[in-house]
Amino acid sequence: MTLVNVDLGPRSYDIIIKEGLLSEVGSFVSQKISRGRIAIISDENVYKLHGKQLEAALIGFEKHIIICPAGEEQKSFEGLQNILNSLFDKGFERNDTLIAFGGGVIGDLAGFAASIYKRGCKFIQIPTTLLSQVDSSVGGKTAINNKYGKNLVGSFYQPQLVLSDTSILKTLPPRELKAGYAEVVKYALLGDYEFFTWLEKNGEKVLSCEPTAIAKAIAISCKTKARIVAEDEKETGTRALLNLGHTFAHALEVEAMPSGNLLHGEAVSAGIEMAFEFSAKENLCSAADVKRVKTHFQALGLISKKDITPLIKNSNKFLEHMQQDKKNVGGNITLILANSIGDAFIKRSVPKASLLEYISQISGQKNA
Ligand code: GLY
């Protein structure tokens, strides 16, 4: 078992990472909840596979189960309203607890609901995807999407506990695992060169859920995230590094919204590639580093930029999506760029002409 503490003073909490943890969650949850009811918020796919096991582990608690359809579309005002209505119908009180049992969509949605239901109720994360175990369940970002972009309506609301069962990951489709791996490699690329070299050697083992390798990858990712979140909970500075590749990724996701057939982690691997390429274009990092990142992604079959850039129909529009990003200040675009593998930094006021030129070039369009 690995325990990682997120040190946030009175809002500190533990992340527990363990193979087979699901059957033990009752004892961890009861240490946090002495009274009150539990609402388990999950999606139909996760609940079909693991719901009964979770219910058995939470024997003795009064439970209300809320099952949402699977998919990113649930991160909407309507999806949020459905959850809140279900809680009101059952008369949930502020002392009751919401448990998010699913991937990033469920975690973001349930977390946002917990943050606003009767001005905030208790919240526990039981993430079931690699992406949510290494990133979205930790750090308290909660949000829904709207037509202007991803995660634009939300709150910072820390959970009281994160319980990650690594054996659940074995039931994930390879596509989901690869999407989650993009967030693992992000931690290496933003500040941990050693971890990147380890991933170059062991990435296959992580993706095949080899127990030691996957536990190590999750633990390193969570430790890095816990350290950064403890330093800068509300993203006034260093936390923005965790957004490496994400400004490009979110714009790609907006472009993909009509089809809905793009996973966040897939947009992130393409976005990271774009952030490295743009860094090289700006003479910040070497072409050799860009190649090494691409080679690693290719070796593991991650989605790359060329798989997604056909989504970009209009470079100016794409830039407009990037302009909605939450990191931007005074109308200027902020990006996370890299000096090298393991050395990312926050670049404010990115030259828009150069960015537009890059977007036009990768999407094969004339700069309009
Ligand atoms: N996923 C980026 C962050 O939590 O800050």
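Coordinates for the structure precede this section.
Since we're looking at a predicted model, the values are computed, not measured.

Engineer: Please explain the overall build of the protein chain as it appears in this structure.
Structural biologist: Along the protein chain, the regular secondary structure elements total 14 helices and 11 strands. Computed over its C-alpha atoms, the radius of gyration of the protein chain comes to 20 Å, within 12% of the 21 Å expected for a compact globule of 368 residues. Of all 368 residues assigned to the protein chain, the portion counted as buried reaches 58%. Considering only contacts in the protein chain between residues 6 or more positions apart, those separated by 24 or more positions represent 74%. Surface exposure of the protein chain reaches about 14,900 Å², of which carbon and sulfur atoms provide 51%. Averaging the locations of the 43 positively and 40 negatively charged side chains of the protein chain gives two centres separated by 2 Å.

Engineer: Help me out: how do you make sense of the site of the ligand in this one?
Structural biologist: Around the ligand sit Asp135, Lys141, Lys225, Glu235, Arg239, Leu242 and Asn243, and those are all the residues in its vicinity. Between the ligand and Asp135 there is a distance of 3.0 Å, counted from a nitrogen atom to a side-chain nitrogen or oxygen. For the ligand, an oxygen atom lies 2.5 Å from a polar atom in the side chain of Lys225. Look at the ligand: alone it shows 200 Å² of surface, and the protein chains cover 91% of it. The class makeup of the residues in the shell around the ligand is 1 nonpolar, 1 polar and 5 charged.

Engineer: What exactly am I supposed to notice about the sheet that holds strand 9 (residues 161-165) here?
Structural biologist: What links the strands of a sheet is backbone hydrogen bonding, and the strands pair in either a parallel or an antiparallel sense. Taken in spatial order, the 7 strands make up an open sheet running 1-2-9-6-5-3-4, and their pairing is mixed. In this open sheet, the two edge strands, each paired with only one partner strand, are strand 1 (2-6) and strand 4 (63-68). If you compare each strand with its neighbour and ignore which way they point, the axes differ by 15° on average. Two elements, strand 2 (residues 13-18) and strand 9, share 5 bridges in a ladder whose sense is parallel. Within strand 9, the position partnered with Ile17 by the bridge is Ser164. Against the sheet, helix 1 (residues 25-32) makes contact with strand 2, strand 3 (38-43), strand 5 (97-102), strand 6 (122-127) and strand 9, and its axis sits at roughly 175° relative to strand 9, the strand it touches most. Contacting strand 1 and strand 2, helix 8 (residues 211-231) crosses the sheet at an angle of about 15° to strand 1.

Engineer: What is the right way to look at the nonpolar core in this model?
Structural biologist: Generally speaking, a soluble globular protein has its nonpolar side chains buried in company with each other. In this structure, Leu189, Phe248, Phe276 and Leu355 are the most contacted members of the largest nonpolar core, which totals 79 residues. In terms of nonpolar packing, the next biggest core, distinct from the first, is built from 22 residues, Leu21, Leu22, Val25 and Ile99 among them.

Engineer: Explain helix 9 (residues 246-256) here, please?
Structural biologist: An α-helical turn contains 3.6 residues, so any two residues separated by three or four positions project in the same direction. Among the 11 residues of helix 9, 11 are classified as buried, and the element is accordingly described as predominantly covered. Among all positions of helix 9, only His246, Thr247, Phe248, Ala249, His250, Ala251, Leu252, Glu253, Val254, Glu255 and Ala256 are buried.

Engineer: Any chance you could explain the packing of aromatic side chains here in plain terms?
Structural biologist: For any pair of aromatic rings, the description rests on two quantities: the centre-to-centre distance and the angle between the ring planes. Enumeration over the complete set of coordinates arrives at 5 aromatic pairs. For the ring pair Phe195 and Trp198, a centre distance of 6.1 Å and an interplane angle of 20° mean the geometry is stacked. Separated by 3 residues within a single helix, Phe195 and Trp198 lie in helix 7 (residues 193-207), roughly one turn from each other. Across the pair, Trp198 and Phe195 agree in class, each one buried.

Basis of the calculations
Residues numbered from 1 in each chain as written. Predicted model: local features only at pLDDT ≥ 70, side-chain atom pairs only at ≥ 80, totals over all residues. Heavy atoms only, no water. Helix = DSSP H or I, 4+ residues; strand = E, 2+ residues; numbered from the N terminus. Rg over C-alpha atoms; globule rule 2.2 N^0.38 Å. Buried < 20%, exposed > 50% of the residue type's maximum accessible area, 1.4 Å probe, protein only. Contact = heavy atoms within 4.5 Å. Areas by Shrake-Rupley, 256 points an atom, 1.4 Å probe, with all protein chains shown as cover. Lys, Arg positive; Asp, Glu negative; His and termini not counted. Charge placed at Lys NZ, Arg CZ, Asp CG, Glu CD. Near = heavy atom within 4 Å. Polar contact = N/O pair within 3.5 Å; in protein donor to acceptor, adjacent residues only side chain to side chain. Nonpolar A, V, L, I, M, F, W, Y, C, P; charged D, E, K, R; others polar. Pairing = 2+ DSSP bridges. Axes fitted to C-alpha atoms, helices over the stretch in contact; angles between N-to-C directions. Core = buried A, V, L, I, M, F, W, Y, C linked by side-chain atoms within 4.5 Å. Phe/Tyr/Trp six-rings, centres within 6.5 Å; stacked < 30°, edge-to-face > 60°.

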